[in-house]
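Structural characterization, general
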Amino acid sequence: MPELVVTALLAPSRLSLKLLRAFMWSLVFSAALVAAAVYGCIALTHVLCRPRRGCCGRRRSAPPACLSDPSLGEHGFLNLESSGLRLHYVSAGRGNGPLMLFVHGFPENWFSWRFQLREFQSRFHVVAVDLRGYGPSDAPGDVDCYTTDLLLADIKDVILGLGYSKCVLVAHDWGALLAWNFSIYYPSLVERMVVVGGAPMSVYQDYSIRHPGQFFRSNYMFLFQLPWLPEKLLSMSDFQILKTTLTHRKTGIPCLTPNELEAFLYHFSQPGGLTGPVNYYRNLFRNFPLEPQELATPTLLLWGEKDIYFELGLVEAIGSRFVPGRLEAHILPGAGHWIPQSHPQEMHQYMWAFLQDLLD
C-alpha cells in the first residue's frame with residue numbers, strides 16, 4: 001500500500017491520540033495548581049507554627065550514625081555500563097545464596113530495607129541500592145535523565161555489574177512501579193519478585209479512571225509535575241512535610257527514631273537533594289495512555305489494609321493482569337504503606353515461605 005495512503009488512514013487515530021494527550025495534560029496541570037495551593041497552605045502553616053525553623057530546610061553537616069551500622073552490610077559503588085553513572089549500594093551475605101536486590105521508594109533510600117538486610121543475609125546475597133538521584137548515588141540534573149527506560153537500565157546494570165544473571169527483586173512504592181516494568185522488559189533477569197505497596201502504571205491508570213478516589217489519594221503526584229515549587233514546599237520549616245509523612249502517628253512509620261528519621265532527611269537536605277527524586281514524578285505521565293500488559297513473573301504481592309496512598313481495589317486489578325498461578329497476594333490487616341519498616345516480621349514470614357523452594 002502506498003505510503004501516502006497509509007499516512008492518510010492513520011491520520012485520524014494520530015489526531016485523536018494527540019487530542020487525548022492534550023486533554024490529559026490540561027487535567028494534570030489543573031490538578032497540579034490545585035495541589036500547589038493546598039500544599040502551599042500546609043507548608044505555610046508549618047512555618048507559622050514553627051517560626052524559628054524559617055522557610056528553608058536546614059542542611060545537615062554529617063550523616064547519622066545508623067547509616068554506617070556494620071550489621072547492615074558494606075557500602076560500595078557501582079559504575080553502570082549503560083549510563084556511566086555511579087550508584088551507591090549496601091551489600092551483605094555475598095556467597096550465601098542468590099542475589100536479592102532491594103529497590104526503594106520515595107521519600108526513602110537504601111536504609112528503608114534495614115530489617116530485610118539483616119533478615120535475609122544468611123541465605124541470600126542482599127543488596128540495597130540507592131537509585132539515581134538519591135543519597136550518594138549520582139544525580140543528573142536534567143528531568144529527561146529520569147525516564148522509566150533509563151531507570152530500568154540502571155537496575156539491569158546493577159544485576160549484571162554485581163556478577164549475576166538473575167535476581168530476586170524486592171521493591172516498594174516507586175521501586176515497585178519500576179519492578180513491575182522491569183519484569184516485563186527484562187524477564188530473564190528476574191527469578192522471583194516481591195512487591196510491596198505499588199501497582200503497575202498501566203493498572204494504576206485504568207483503575208484510577210474508573211475509581212477517581214485513587215487520584216485524590218495520590219494528589220502529591222500532581223504537585224510534583226511543577227518546576228522548583230515542590231522542592232521548595234517540601235523543604236520549608238526544615239522538611240516538615242516529609243517529617244510528617246514519615247512519622248505521622250496514624251499513617252507514618254511506627255517507632256521511627258529521630259536518628260532513623262535523619263537517615264532519610266540527611267541527603268534530601270543537601271543542595272539539590274530533592275530534585276532528582278521529584279524528577280521521577282515529572283516523567284510519570286510522559287507515555288500516557290498506556291497499553292495493558294500481561295504479567296507472568298512469579299510474584300509475592302503485599303498490601304497494607306490501611307494504605308492511605310493506594311486503594312485496596314488495586315490488588316484485584318493487578319491480579320486480573322497476571323498469568324494464572326503466578327501471583328500470591330496478601331493484604332496485611334492494620335498495615336499502612338510502609339510495610340517493610342512497620343511490619344517486617346509479617347513480611348519476612350511471607351517472603352521465606354514464597355522463596356523456600358529456591359533454597360531447597
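All chains use their own residue numbering, which begins from 1 and follows the written sequence. Restriction of local features to residues with pLDDT of at least 70 applies here, the model being predicted, together with a cutoff of 80 or more for giving and counting side-chain atom pairs; totals for whole chains, interfaces and linings are based on all residues. Side-chain measures here rest on the full set of heavy atoms in the structure, leaving out hydrogens and waters.

We now examine the overall build of the protein chain. Within the protein chain one finds 13 helices and eight strands. Here the C-alpha radius of gyration of the protein chain, 21 Å, is about what a compact globule of 360 residues would show, namely 21 Å. Once the C-alpha set of the protein chain is aligned to its principal axes, its extents read approximately 65 × 60 × 45 Å. If you take every contact in the protein chain between residues at least 6 apart in sequence, the share linking residues at least 24 apart comes to 76%. We get accessible surface area from the Shrake-Rupley algorithm with a probe of 1.4 Å; when it comes to residues, only the shown protein chains can shield them. Total accessible area on the protein chain is roughly 16,100 Å²; 59% of this is exposed by carbon and sulfur atoms. Secondary structure counts use DSSP, requiring at least four H or I residues in a row for a helix and at least two E residues in a row for a strand, with both numbered from the N terminus. Our radius of gyration looks at C-alpha atoms and nothing else; its globule reference is 2.2 Å times the residue count to the power 0.38. Contact between two residues is taken to exist if any of their heavy atoms lie within 4.5 Å; hydrogens are not considered.

Throughout this description, the term salt bridge denotes a Lys or Arg side-chain nitrogen within 4 Å of a carboxyl oxygen of Asp or Glu. Tallied over the entire structure, the rule returns 13 salt bridges. We note a salt bridge from D154 to R132, for which the minimum N-O separation is 2.6 Å. Here D154, found in helix α3 (residues 148-161), pairs with R132, found in the loop between β4 (125-129) and α3; they are 22 residues apart in sequence, far enough to count as distant. With respect to class, D154 is no different from R132; both count as buried. Ionic pairing is found between R286 and D144, a salt bridge with its closest N-O pair at 2.6 Å. Buried means the residue's accessible area, taken with a 1.4 Å probe over protein chains only, is under 20% of the maximum for its type, while exposed means over 50%, and partly exposed covers the values in between.

Mapped onto this numbering, the UniProt entry gives "transmembrane region" (unreviewed entry) at residues 26-49. For the annotated span residues 26-49, helix accounts for 100% and strand for 0% of the residues, and the straight-line distance between the end C-alpha atoms is 35 Å. UniProt positions are given in the numbering used here, feature names are shortened, and annotations may be inferred rather than shown by experiment.

Okay, a nonpolar patch on the surface next. Only residues whose relative accessible area exceeds 30% and that form no salt bridge enter a patch; like-charged residues are grouped when within 9 Å of one another, and nonpolar side chains (Val, Leu, Ile, Met, Phe, Trp, Tyr) when within 5 Å. Nonpolar side chains collect at one region of the surface, where L20, F23 and L27 lie side by side and expose about 290 Å² of accessible area between them. The residue L27 is located in helix α1 (residues 3-49) in this model. Exposure remark for L27: the relative accessible area of 47% places this residue in the partly exposed category.

Moving on: the packing of aromatic side chains. Two aromatic rings from Phe, Tyr or Trp, using only the six-membered ring of Trp, form a pair when their centres are within 6.5 Å; if the ring planes differ by under 30 degrees the pair is stacked, by over 60 it is edge-to-face, and anything between is tilted. Counting across every chain of the model gives 26 aromatic pairs. Taken together, a centroid distance of 5.6 Å and an interplanar angle of 80° make the contact between Y134 and Y280 edge-to-face. Remark: Y280 occurs in helix α10 (residues 275-282) and Y134 occurs in the loop between β4 and α3; sequence separation between them is 146 residues. Residue Y280 is classed as buried on the basis of its relative accessible area, which comes to 0%.

Attention now goes to the environment of E328. Secondary-structure assignment places E328 in strand β8 (residues 327-332). Residue classification places E328 among the partly exposed residues on the basis of a relative accessible area of 29%. Distance in space between the C-alpha atoms of E328 and S82 is 33 Å, their sequence separation being 246 residues. With residues near it in sequence (within four places) discarded, E328 still touches T299, L300, L301 and F354.

Helical geometry note: an α-helix holds 3.6 residues per turn, so side chains three or four residues apart project in the same direction. The quantity called bend is, for any residue, the angle between two axes fitted respectively to the seven residues ending at it and the seven beginning at it. For helix α13 (residues 344-359), the principal kink sits at A353 and spans about 35°. Within the span of α13, buried status applies to P344, M347, H348, M351, F354, L355 and L359.

With that settled, the discussion passes to the packing of α3 against helix α4 (residues 174-185). Axis separation between α3 and α4 bottoms out at 10 Å; the angle between their running directions is 75°. When the axes of α3 and α4 are compared, the pair comes out roughly perpendicular. Across from T148, L151, L152, I155, K156 and I159 in α3, the residues of α4 making contact are W174, L178, N181, F182 and Y185. Split by residue class, the contact of α3 with α4 holds eight nonpolar, two polar and one charged. Helix axes are fitted to C-alpha atoms over the stretch in contact, other axes to C-alpha atoms as well, and angles between N-to-C directions run from 0 to 180 degrees. The labels follow the angle: roughly parallel below 35 degrees, roughly antiparallel above 145, roughly perpendicular from 65 to 115, and oblique for the rest. Gly counts as polar in this scheme, as do all residues outside two lists: the nonpolar Ala, Val, Leu, Ile, Met, Phe, Trp, Tyr, Cys and Pro, and the charged Asp, Glu, Lys and Arg.

Our focus in this paragraph is the sheet that holds strand β7 (residues 299-304). Sheet architecture is open: eight strands sit in the order β1-β2-β4-β3-β5-β6-β7-β8, paired in mixed fashion. Pairing within the sheet leaves two strands with one partner each, and these edge strands are β1 (74-79) and β8. With strand direction ignored, the average angle separating the axes of adjacent strands in the sheet is 20°. Sitting on the sheet, α13 is in contact with β3 (99-103), β5 (167-172), β6 (190-196), β7 and β8, with an inclination near 165° to β6. For two strands to be treated as a pair, DSSP must find at least two bridges joining them.

Below, the discussion takes up the UniProt feature "domain: AB hydrolase-1" (unreviewed entry) in the protein chain. When the UniProt feature table is mapped onto this chain, "domain: AB hydrolase-1" (unreviewed entry) is found at residues 98-339. Along residues 98-339, the helical share is 40% and the strand share 14%, with 23 Å between the first and last C-alpha atoms.

Mapped onto the elements, P271 comes out in the loop between α9 (258-268) and α10. Considering only alpha carbons, one finds P271 and R59, 212 residues apart in sequence, at a separation of 7.9 Å.

All right, on to the nonpolar core then. We define the nonpolar core as a collection of buried residues of types Ala, Val, Leu, Ile, Met, Phe, Trp, Tyr and Cys that are connected through side-chain atoms lying within 4.5 Å of one another. In terms of nonpolar packing, the biggest core is built from 115 residues, with M100 and L101 touching the most fellow members. Among the elements that make up this core, the one with the highest residue count is α1 (eight residues). When residues no more than four places from it in sequence are discounted, the contact partners of M100 are F120, F124, H125, V126, V127, V168, V170, M351 and L355.

This paragraph deals with the side chain of S137. In this fold, S137 is placed in the loop between β4 and α3. We call two N or O atoms a polar contact when they sit within 3.5 Å, provided that within protein one can donate a hydrogen and the other can accept it, with sequence-adjacent residues counted only if both atoms are side-chain atoms. Within the structure, S137 has its side chain in polar contact with the backbone oxygen of D130 (distance 2.6 Å). Once residues within four sequence positions are removed from consideration, S137 is found in contact with R86, L87, H88, D130, L131 and R132.

What follows is about the pairing of strand β2 (residues 86-92). With six of seven residues buried, β2 is to be regarded as a mostly interior element. With six bridges connecting them, β1 and β2 associate as antiparallel partners. Following the sheet pairing, F77 is matched in β2 by H88. Pairing geometry for β2 and β4, over four bridges, is antiparallel. Directly across from V90, in β4, lies its bridge partner A128.

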